[in-house]
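# Inside the fold
Listed below are the residues making up each chain.
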Amino acid sequence: MNDDNQTDKIRRKRNRSRKTAYLRFTTGLRQLTTIHRWKNVFLAAYLLLAIVAWLNRGKLLFGLDNKFMLFPIFTMAVNCLVALLLPLGLLCLISALGTPRKAQKIQDRLIGAGFTNHAQEPPLLLVRYHLSLNPKITIWEFDENETPLSIWEDKKDKLQGALIDRIIKITQSKNGRRIIIHTVAPRLTIPSVMHWQDKYLSKESFILILGESLTGQETVNLAKIPHILLGGASGSGKSVLLKLLLMECLKKDAEVYIADFKGGVDFSSIWHEKCHLCFDENELLELLTGLTDELQRRKTVFRKTECANIDEYNAATNSKLKRMVFACDEIAEVLDKTGLSKEKKELISQIESQLSIIARQGRAFGIHLILATQRPSADIISGQIRSNMDCRICGRADSILSQIILDSTEAADQIPKDAQGRFITNTGVVFQSYLFDDNEVFFNNGQTGGVPNSESKDAGNSNP
Ligand SMILES: Nc1ncnc2c1ncn2[C@@H]1O[C@H](COP(=O)(O)OP(=O)(O)OP(=O)(O)O)[C@@H](O)[C@H]1O
Ligand SMILES: [Mg+2]
């Protein structure tokens, strides 16, 4: 039994050494081709050296005079030796490039922190470098070490201890063989106020900028993730973030529709000029029905032109079909049926079903929802709407609201109780949303033309 264990241990050790050598070499190659192309300087220097060594092989190896090289046996032996040593040197050089500084020290720390696999082996550090776009961020790449991503995430604290850095993101490479960790210095924090600047507006369709995290700007692409659910306690900064997103939509020439049952007090007159606002349930149903009719119309037109989505359609037909964004600052207020009359309940159900159509089908047709809520009641936002809102963001919240918005208590755990404008996404990124002044942002930039009138709209674009 003991012998079996011993053999098993030896076999594992041998396999690990082989794997390490292979990983060091392939990582070295990757450094030369993708990560650090400047390291090709080493390669070029080595090749130059190799050529010189080859030309002077006799002298270099034995200090022999060239005359001795006339003996064919010597010539052959030296040729063979040099021909063997040079590729071996190349192999060692590439493997050295694939070995980060202090890799062994990190491994020892990982063992010390108990971050090992079932065979007590620590993961192998393959690469460590600073992100060129944001040098505050360090990227660490490890081999996955027979450890699923979920365990890396669960043991984040141990990892942090070993890396002596704050982990902000853990992901897995596409082939699943590498674990990629983003870290920042432990003392680095996000500023508590960051002001919006017009230059931040993304030129890409249809990327909206949310704010800044430790890794840089946090964005959401409505072309891919069409709807946003925003949660947070009162005063957490939901309305500011909602308006930031709507302002960007307007600047990107989308049509913006807002349901505001507080009588429009949250939206200054500038918003009334630039967006369609509705103030009660009947108006809202009319508005949503108009949006779903437009969705059906776009569906027919796209089918005829064989276009899969709004961007394709606009490119293929040279049209300027606009994206439409419906926003509601307190959706639970609108959808809550408790204590309502039968007719009112029926009305709310119809509103819900229209929202649900947009949530399910809106993406391809450029019709989006941005819904905010502070009410921690799970049953108010129907499952169909919720499950289609893939971008979920939560500000300061208790664990119930956090659970409803993110399906986890992360917002309650990670957002300080006095934070304003601090949010966490359902992908675990904490960011500070940009603070902005409606009037300043709109008046400083005359090009935001508001909701276009019917003449200026695309011919095929009917107003709901
Ligand atoms: N990004 C931000 N940066 C700094 N301060 C902010 C930010 N967003 C909001 N605040 C501050 O927080 C205050 C409350 O923000 P906001 O009105 O958006 O909260 P809310 O979540 O909508 O609250 P309620 O649910 O009561 O409507 C703002 O008046 C502002 O002072
Ligand atoms: Mg608000």
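Residues numbered from 1 in each chain as written. Chains lettered and ligands numbered in written order. Predicted model: local features only at pLDDT ≥ 70, side-chain atom pairs only at ≥ 80, totals over all residues. Heavy atoms only, no water.

## Quick notes on a nonpolar patch on the surface
Residues L81, L85, L88 and L91 make up a contiguous nonpolar surface patch of roughly 340 Å² in combined accessible area. Mapping L81 onto the fold places it in helix α4 (residues 72–97). (Patch = residues over 30% accessible without salt bridge, like charges linked within 9 Å, V, L, I, M, F, W, Y side chains within 5 Å. Areas by Shrake-Rupley, 256 points an atom, 1.4 Å probe, with all protein chains shown as cover. Salt bridge = Lys/Arg side-chain N within 4 Å of Asp/Glu carboxyl O. Helix = DSSP H or I, 4+ residues; strand = E, 2+ residues; numbered from the N terminus.)

## Re the nonpolar core
Counting residues in each nonpolar core, the largest one holds 97 residues, and the members touching the most others are W271 and F326. Composition of this core by domain shows at least three residues from each of domain 2 (103–184) and domain 3 (198–443). Every residue in contact with W271, bar those within four places of it in the chain, is listed here: K243, L246, M247, L250, I258, L277, F436, D438 and F442. Counting 14 residues, the second largest nonpolar core, distinct from the first, contains L110, L125, A162 and L163. (Core = buried A, V, L, I, M, F, W, Y, C linked by side-chain atoms within 4.5 Å. Buried < 20%, exposed > 50% of the residue type's maximum accessible area, 1.4 Å probe, protein only. Domains from an automatic or database assignment. Contact = heavy atoms within 4.5 Å.)

## Quick word on unusual backbone geometry
A cis amide bond, omega 5 degrees, links S205 with the succeeding residue F206. The topology assignment puts F206 in the loop between β4 (178–184) and β5 (207–213). Look at D253: it is not a glycine, yet its phi comes out positive at around 70 degrees. Structurally, the position occupied by D253 is in the loop between α8 (238–251) and β8 (255–259). Even without a glycine there, the phi angle at N318 is positive, about 55 degrees.

## Observations regarding the sheet that holds β4
Sheet strands associate in pairs through backbone hydrogen bonding, adopting either a parallel or an antiparallel arrangement. Spatial strand order, β1-β2-β4-β3: 4 strands in an open sheet with antiparallel pairing. At either end of the open sheet lies a strand with only one pairing partner, and these are β1 (125–130) and β3 (166–172). For this sheet, the mean angle separating the axes of adjacent strands, direction not counted, is 20 degrees. Sheet analysis places strand β2 (residues 138–143) next to β4, joined by 6 bridges and oriented antiparallel. Following the sheet pairing, T138 is matched in β4 by T183. (Pairing = 2+ DSSP bridges. Axes fitted to C-alpha atoms, helices over the stretch in contact; angles between N-to-C directions.)

## Considerations on the packing of aromatic side chains
Centre-to-centre distance and the angle between the planes together describe a pair of aromatic rings. Evaluation of the coordinates by the stated rule reveals 10 aromatic pairs. With a centroid separation of 5.8 Å and 25 degrees between ring planes, the pair formed by F423 and F431 is classed as stacked. A residue is classified by how much of its surface remains accessible, and F431, at 0% relative accessible area, is buried. Among the aromatic residues, those joined into a ring-pair cluster are F115, F142 and W152. When the ring centre of F115 is taken as origin, the NZ or CZ atom of K155, which lies over that ring, is 5.8 Å away. Here the basic side chain of K243 rests over the ring of F267, its NZ or CZ set 5.4 Å away from the ring centre. (Phe/Tyr/Trp six-rings, centres within 6.5 Å; stacked < 30°, edge-to-face > 60°. Lys NZ or Arg CZ within 6 Å of the ring centre and 35° of its normal.)

So yeah, pure geometry; function would need other evidence.
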